[in-house]
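# An overview of the molecular structure
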Amino acid sequence: MPDDKASKGDQPGKGNKGVTPQGEDFSAWYNELVLKAELADRAPVRGAMVIRPYGYRIWELLQAELDRRFKDTGHVNAYFPLFIPMSYLQREAEHVEGFSPELAVVTHAGGAELEEPLVVRPTSETIIGELYSRWIESWRDLPLLINQWANIVRWELRPRMFLRTTEFLWQEGHTAHADAEDAMAETLRMLGVYAEVARDVAAMPVVPGEKTPGERFAGAIATFTIEAMMRDGRALQSGTSHYMGTNFAKAFDITFQDKTGELQHCHTTSWGMSTRMIGAVIMAHGDDKGLVLPPRLAPHQVVIVPIGKDPDVPAAAQKLAAEITAAGVRVHVDIRDASPGFKFNDWELKGVPLRLELGPRDLAAGTAVLAARIGEAGKETIALDGLAAGLPARLDAYHEALVKRASDFRDTRRARADTWDAFAAQVTDGWADALHCGRPECEDDIKAATGATPRCIPTDGEPESGTCIRCDQPSAWGKRIVFSRAY
């Protein structure tokens, strides 16, 4: 990590806001960019972060897109306590075992020792399970579809801002159903929502699929994921959806009377996406100049930079901004006391999709200069008349170009591997599709040898059988598995 001075940012005209090139040190590039683009800063507590306004706005935009889709699929929002009795976690054996190393536990409060330790929320299956056992009585109460927006605490030994922090923000959906079929349909429906948001909002083409048993969420019957490729070829788990079966229903007595009068256990699901998605956007699209933000998550989709000292220019820029706002586009006029060159570099670092330059000559000609953050076209002179109305289509085209760029990059770094040597070479900086026996101990062996883990069993994988890439035992799943080093 860079030293604390970097977190203060560079003032206009003072210092260089450039970042280490990706090819030189991808980790340094990422850490510097988070700080210099003013997305986040380090908190006084190790492993925690402060999300700055620019970074938080990205989260707000993502949150709004997710929340709308949750409500469109029949879910409602609620809020559950931050503190969970330790005994609740202990009711589901796999769950407590999986989370024990990450728990933050409160043993004293109000100047006295607590009768029972309280866990600071690492996830909410247990506390929500307790409440669902009270709220659900009959089949008429099902399905129960609730989402929570909350903060989570998991003690992190190797923190990295947005990717792994002790405290982070997320949403967690928790639903209860009358049978396995309905619960599994919900699990996959929400995985589809995540895949849609990743592509249509974050411009990230993801691979959806099921996790192997060794990678499942603690206490789940099945875990599904969307995996995205970062610009260094590694994978990032960007959202997960879990079918819990009746495990938590039995632990918390979540039962209902069915239509025949018999008492049955509910089938439950949980699913979540977090501020880790901001890290995904940074690493999936960024380049050596800085952030490359997808338009639908950009705090400013367009920035107008007035040029020169002519007093008519700022007024014209504000008028143009009002027209752009009326067209449904987020716009910002940069009136800082700094050189145009500094502003251009600053907004490139912050990943703004489109920049408009407006000077006295442009104003006299009825034009402006438009520059896109990515693309080969360079700067373009564009008429002011009709400019605002044409921006939504330009931003949509920009989004699709970003999706294509990410897809093409992934395709160049993903390949089938049929021999161990080919597999080991492929996962150094990319994804390998390989047959695997499915045994957790074999997965551990592969990770020890290469650093790669099974990311998912792709939903759209072609049927195929053979022998494991590592141990030559018969392959499982009937298709190839995606392996990669991951964050």
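Everything here concerns the structure above.
The following paragraphs examine the structure supplied in this document. (Residues numbered from 1 in each chain as written. Predicted model: local features only at pLDDT ≥ 70, side-chain atom pairs only at ≥ 80, totals over all residues. Heavy atoms only, no water.)

If you look at the biggest cluster of nonpolar residues, it comprises 61 residues, and the most contacted ones within it are Leu 39, Phe 162, Met 204 and Ile 282. Counting residues per element, this core draws most heavily on helix 6 (residues 180-200), at eight residues. (Core = buried A, V, L, I, M, F, W, Y, C linked by side-chain atoms within 4.5 Å. Buried < 20%, exposed > 50% of the residue type's maximum accessible area, 1.4 Å probe, protein only. Helix = DSSP H or I, 4+ residues; strand = E, 2+ residues; numbered from the N terminus.)

Turning our attention to the packing of aromatic side chains. Here the structure, examined in full by the defined rule, presents 10 aromatic pairs. Taking the centre distance of 5.3 Å and the plane angle of 20° together, the rings of Trp 420 and Phe 423 count as stacked. Of this pair, Trp 420 and Phe 423 both sit in helix 13 (residues 420-426), three residues apart, which is roughly one turn of the helix. Centroid distance Phe 423 to Phe 483: 5.3 Å. Interplanar angle 75°. Geometry classified as edge-to-face. In this pair, Phe 423 is assigned in helix 13 and Phe 483 in strand 23 (residues 481-484), connecting sequence segments 60 residues apart. One exposure class covers both Phe 423 and Phe 483, and it is buried. Each member of the aromatic cluster is reached from another via a ring pair, and the members are Trp 59, Phe 70, Trp 149 and Trp 271. Geometry around Tyr 487 places Arg 234 over its ring, the cationic atom sitting 5.6 Å from the centre. Sitting over the ring of Tyr 54, Lys 350 keeps its end group 5.7 Å from the ring centre. (Phe/Tyr/Trp six-rings, centres within 6.5 Å; stacked < 30°, edge-to-face > 60°. Lys NZ or Arg CZ within 6 Å of the ring centre and 35° of its normal.)

This paragraph deals with helix 9 (residues 312-326). Its 15 residues place the ends of helix 9 22 Å apart at the C-alpha level, agreeing with the 21 Å of an ideal helix rising 1.5 Å per residue. Of the surrounding elements, those touching the buried residues of helix 9 are strand 15 (302-306), strand 16 (331-333), strand 17 (354-358), helix 11 (360-365) and helix 12 (387-413). Gly 328 sits one or two positions beyond helix 9 and adopts a positive phi of about 85°. (Expected span 1.5 Å × (residues − 1). Contact = heavy atoms within 4.5 Å.)

Before going further, it helps to examine the sheet that holds strand 23. Across the sheet, which stays open at both edges, the 11 strands sit in the order 3-7-8-14-11-10-9-22-23-21-20 with mixed pairing between neighbours. Lying at the two open borders of the sheet, with one neighbouring strand each, are strand 3 (76-77) and strand 20 (414-416). Bridge analysis of strand 11 (residues 235-245) against strand 14 (residues 267-274) gives five bridges, and the strand direction is antiparallel. When the bridges of strand 14 are listed, Gly 245 appears paired with Thr 268. Helix 12 contacts strand 9 (207-210), strand 10 (222-229), strand 20 and strand 21 (431-434) of the sheet and is inclined by roughly 35° relative to strand 20. (Pairing = 2+ DSSP bridges. Axes fitted to C-alpha atoms, helices over the stretch in contact; angles between N-to-C directions.)

Regular strands show a simple pattern: their side chains alternate between the two faces of the sheet. Among the eight residues of strand 10, eight are classified as buried, and the element is accordingly described as predominantly covered. Both faces of strand 10 are covered, namely the face carrying Ala 222, Phe 224, Ile 226 and Ala 228 and the face carrying Thr 223, Thr 225, Glu 227 and Met 229. Note: strand 10 against strand 11, eight bridges, orientation antiparallel. Across the sheet, Ala 222 pairs through a bridge with Tyr 243, a residue of strand 11.

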